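Overview (structure and organization)
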Amino acid sequence: TAAGLGTNAVISENFAKQLTDLPAELLEHILCFHVLNHIDICNVSCTCKRLHDVCHGRGKVWAHQHKLRWPRLQRFYQQNESYDWLKEFKTRHMVGQQIRRTVESISKRFFTEQFTIFSKIVIFLSLGAPEHFCADELLEILNSDKRKCLTLKYYAKKILYFLRQQNILRNLKVFLERPPELQSALEGAVLVDQYCNPLADVTLESISAQIEEITDKVKKNLRVKNATHPSLRASQGDCFVLENLEFQKQVICALNAVLYDQLQYKGNERDYYNPLNSYIHQVLLRRTGIPISLSVLYMTLARKLGVPLEPVNFPNHFLLRWCQNQRRSDDIYDYVYIDAFGKGKQLAAKECENLIRHQVGADYYSAISTSELLLRMVGNLLNIGKRGEGNEKSYQLLRDSLDLYLTINPDNVQYLLLQARLYFHLGIWPEKVLDILQHIQALDPSQHGAVGYLVQHTLEHIQHKRHPVEPEVKKRSVPEHRDVLYSVGLIMKHKRSGYNCVIYGWDPKCTMSQEWINTMRVHQLSKGADQPFYNVLVQDGTCRYAAQENLEPHSAPLEIAHTEVGRYFSEFSDTHYIANEELQARYPEDIAIDVMLNFSKSDDETNSFTPRMA
């Protein structure tokens, strides 16, 4: 009855009389039937005053519709508070429409340049709606049909990435404003992790829960050795310090047994410079890390069990120190130094020098603050970004780690200049570059030369953006393009390197510099540089420029897991990618080639095909 009522929105007078005579609680129950959607409820509420009153904004009916439509948002509402659910529904719906219109408009404006879409994101931040409404709509876009709406998802992901990072930066600033004794190294490490992985589901609550599980294992081990140990009586969240050094030793012994013997945590010597080693959620998942990330885990566990370990910013190998004196001491020889990377090995002061094979002064054995620990952690990520291969992934890591470092230490001229140069090199956010350069000049006037150069060229870039050059349109029917065999969207295989890729652009001849041609040994190809070359997105996440003679259509076309696919293509259609409107405008005649290639493939009984040209 309820389904028919909502779907048809036609109620006979007699039936309406019978229905409206029912108690309000029963009517609400009927109108919360799972097949009814928000349009049905709107229709029902328009039939008469009685049903309109039952469907009031603060009632169960619209609360049910809101929960049904946006289940992820429920965690933002307190169960014991009253909300105007109809108003919430309307606001969320309007925000969703605005966001989709905004995302759809982005590709036309930014397709031809490397960019960060800050100007468009300002629109999101000024919508006047809760930020979680925006994030939820973006997630809904990202979770839609995997093979379709790729361009929409590409820009939605960038916006969500930025929105979440801005929120995390705000949280980090609040964290840094706390008194040092209230700054947890674990919480700081989680904030670093979240900022570098804003689309991952990393929360302090989930990380703390995993740490608590390890703590319980340590207590179980401790109970076998000493059933009356005072740490066993501590409840979750208790903050205490064991005064007895023997009790502390028993905790450290149990911690080493659980962490390294039972759970098999270890330092990642084989893949030391992998950024995953610095992310606490990955350390817990993979049970490996570098000295500083393992030290944060070790120190957190020890402190939960009453052993006050301190972080030590030892050069090239982060350590923890454990005081063997009843009182806090300034003498480095009153401490045992723990190497969390080396399975909890305990070292005397001068033994630590064996780890780095050179002598250091007493200052390097001092304890450091949580903010200094985070600077060391972020500095490691920054160095990994610098070591990168100059691809999108390494640039993103470099940008993220610079953002974090300068949030913690905003007046570091060296890294401010690096940030300005990075943004200038990538051609993004020139207005931000000018702000950074102005800040550098105020901090250190001696940087005038470097600052002046960047200011001049950044202003030129801004002027150029005001008068953009129309992208070149490449038509297959033009005589000089007659040798081009393959079209954008085709899945290819490199004959020599074996990698899989998708074409997103082509040139009738190689357009790279002579230096590149010499470096890549193009002259060794049978046709050298005098043949079509293709811009391709490779399965490993890189972008390459490949000669036609080195490419062949893939015998079993597959999706290419590259972050930039959505920038150029709107859909994957089993055999090839379909170019989005912007790419189609640049290669208007490649669509027909795609069709011909598909016909050619279906006619070929050997499951391989040769492209035909008109």
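Residues numbered from 1 in each chain as written. Predicted model: local features only at pLDDT ≥ 70, side-chain atom pairs only at ≥ 80, totals over all residues. Heavy atoms only, no water.

Digging into the overall build of the chain
Which entries qualify depends on this criterion: Numbering of helices and strands starts at the N terminus; helices are DSSP runs of H or I of at least 4 residues and strands are runs of E of at least 2. Burial classes follow relative accessibility: with a 1.4 Å probe on protein chains only, a residue under 20% of its type's maximum area counts as buried, one over 50% as exposed, and anything between as partly exposed. Any two residues whose heavy atoms approach within 4.5 Å at even a single point are treated as in contact. All accessibility values rest on the Shrake-Rupley procedure with a 1.4 Å probe; residue burial counts only the protein chains present in the view.
What the chain contains, in helices and strands, is 25 helices and 13 strands. The burial tally for the chain puts 47% of its 614 residues in the buried class. Sequence-distant contacts, at least 24 apart, represent 60% of the contacts inside the chain between residues at least 6 apart. Carbon and sulfur atoms form 50% of the exposed surface of the chain, whose accessible area is close to 31600 Å².

Considering the sheet that holds strand β3 (residues 310–312)
As a reminder of what qualifies: Two strands are said to pair when DSSP picks up at least two bridges between them. Only the stretch in contact is used when fitting a helix axis, every axis being a line fitted to C-alpha atoms; angles between N-to-C directions are given from 0 to 180 degrees.
Reading across the sheet, the four strands line up as β3-β4-β5-β6 and stay open at both edges, with antiparallel pairing between neighbours. With partners counted over all chains shown, the strands left at the sheet margins are β3 and β6 (345–347), one partner each. Taking each pair of neighbouring strands and ignoring which way they run, the sheet shows an average axis angle of 35 degrees. Looking at chain direction, strand β4 (residues 319–323) and strand β5 (residues 335–339) are connected through four bridges and run antiparallel.

Topic: helix α6 (residues 60–69)
Just so we agree on the cut-off: Here the arc refers to the set of directions running from the helix axis out to each C-beta atom.
Residues Val61, Trp62, Gln65 and His66 constitute the buried set of α6. Around the axis of α6, the buried residues are gathered within 135 degrees of arc, so they sit on the same side. Set apart from the buried face of α6 by more than 90 degrees, the exposed residues are Lys60 and Lys67.

Some thoughts on the pattern of salt bridges
Short version of the rule: Definition used for salt bridges: Asp or Glu carboxyl oxygen within 4 Å of a side-chain nitrogen of Lys or Arg.
Tallied over the entire structure, the rule returns 18 salt bridges. The partner of Glu137 in a salt bridge is Arg100, with the nearest N and O atoms 2.7 Å apart. Taken together, the residues Glu137 in helix α9 (residues 131–142) and Arg100 in helix α7 (residues 85–110) connect sequence positions 37 residues apart. Assessed through its relative accessible area of 28%, Arg100 is described here as partly exposed. With a closest N to O distance of 2.8 Å, Glu310 and Arg321 form a salt bridge. With a gap of 11 residues between them, Glu310 in strand β3 and Arg321 in strand β4 connect regions that are remote in the sequence.

Quick word on the packing of aromatic side chains
Each aromatic ring pair is characterised by the separation of its centres together with the angle its planes make. Definition in use: Ring geometry is summarised as follows: Phe, Tyr and Trp rings, the Trp one being its six-membered ring, pair when their centres sit within 6.5 Å, and such pairs are stacked at plane angles under 30 degrees, edge-to-face over 60 and tilted between the two. In this scheme, Lys NZ or Arg CZ marks a charge over a ring once it lies within 6 Å of the ring centre and within 35 degrees of the ring normal.
Per the counting criterion, the structure on display carries 22 aromatic pairs. Ring geometry for Tyr337 against Tyr365: centres 5.3 Å apart, planes inclined by 70 degrees, an arrangement best described as edge-to-face. A residue pair is termed long-range when its members are at least 10 positions apart, and Tyr337 in strand β5 and Tyr365 in the loop between α16 (353–356) and α17 (370–387) qualify at 28 residues. Across the pair, Tyr365 and Tyr337 agree in class, each one buried. Through successive ring pairs, a cluster of aromatic residues spans Tyr504, Tyr568, Phe569, Phe572 and Tyr577. If you follow Arg387 out to its NZ or CZ, it ends over the ring of Tyr273, 3.8 Å from the centre. The ring of Trp429 has Lys432 sitting right over it, with the charged end atom 5.6 Å from the ring centre.

A few points about the side chain of Arg92
By the secondary structure assignment, Arg92 is in helix α7. Those residues in contact with Arg92, other than ones at most four positions away along the chain, are Trp70, Leu73, Phe133, Asp136, Glu137 and Glu140.

Some details on helix α3 (residues 24–31)
All of the buried residues along α3 are Leu27, Glu28 and Leu31. The buried residues of α3 occupy an angular sector of 100 degrees when projected down its axis, which confines them to one face. Exposed residues pointing more than 90 degrees away from the buried face of α3 are listed as Glu25 and His29.

Comments concerning the pairing of strand β8 (residues 500–507)
Taking burial as the measure, the eight residues of β8 include eight buried ones, the bulk of the element. When strand β7 (residues 491–494) meets β8, the two strands line up antiparallel, connected through three bridges. When the sheet's bridge partners are listed, Ile491 is paired in β8 with Val502. In textbook terms, the turn of a hairpin is the stretch between consecutive antiparallel strands, and for β7 and β8 this stretch comprises five residues, one of which, Gly498, has a positive phi near 80 degrees. As paired strands, β8 and strand β9 (residues 533–538) are joined by six bridges and run antiparallel to one another. Bridge pairing in β9 links Trp506 to Tyr534.

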